[in-house]
Amino acid sequence: HGSTACIRKASSQEELLTISGHNGTVHAAVFSREGFHVATASADRTAAIWNARTGERLRTLEGHEGEVYSVAFSPDGQHIVTSSEDRTARVWCVATGESMALFLHKWAV
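Residues numbered from 1 in each chain as written. Predicted model: local features only at pLDDT ≥ 70, side-chain atom pairs only at ≥ 80, totals over all residues. Heavy atoms only, no water.

K.L.:
What am I meant to see in the pattern of salt bridges here?
P.N.:
Close approach of charged atoms lets side chains of opposite charge pair. Taken as a whole and assessed by the stated rule, the structure comprises 1 salt bridge. Two residues, Glu 15 and Arg 8, come together in a salt bridge whose shortest N-O distance is 3.7 Å. (Salt bridge = Lys/Arg side-chain N within 4 Å of Asp/Glu carboxyl O.)

K.L.:
What should I look at first to understand the nonpolar core in this one?
P.N.:
As a rule of thumb, soluble globular proteins bury nonpolar side chains together. Within the largest apolar cluster, 12 residues are counted, these being Ala 28, Ala 39, Ala 41, Ala 47, Ile 49, Leu 61, Val 68, Val 71, Phe 73, Ile 80, Trp 92 and Val 94. Elements with a contribution of two residues or more to this core: strand S4 (37-42), strand S5 (46-51) and strand S7 (68-73). Per element, the largest residue contribution to this core is 3 residues, and it comes from S7. Not counting chain neighbours up to four residues away, the residues in contact with Phe 73 comprise Val 30, Phe 31, Ser 32, His 37, Val 38, Ala 39, His 79, Ile 80 and Val 94. Counting residues in each nonpolar core, the second largest holds 9 residues, with Ala 5, Ile 19, Val 38 and Trp 50 among its members. (Core = buried A, V, L, I, M, F, W, Y, C linked by side-chain atoms within 4.5 Å. Buried < 20%, exposed > 50% of the residue type's maximum accessible area, 1.4 Å probe, protein only. Helix = DSSP H or I, 4+ residues; strand = E, 2+ residues; numbered from the N terminus. Contact = heavy atoms within 4.5 Å.)

Next up, the structure:
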């Protein structure tokens, strides 16, 4: 759906929730382990954290200078890692949205 992420029931493909708010294609979406949050990665150079039940945007993670290709939660759900065409990976604090670490790479990640 381009700039939206559709959350579907795996067994039936029934649409449960549509998340919208990015200004570019959503490249990835992932649930937190406990299922309370969804994180998205977008061509608009941001990642976002959403309430998995309501679709409300909780945080926008800004700092990449290129499209954000992937996103993942840490096992404890306290951090998110993103990767970007700007040749960086970042670690973010879920609670504050603060960028905690920056890793530079030779190519897009």
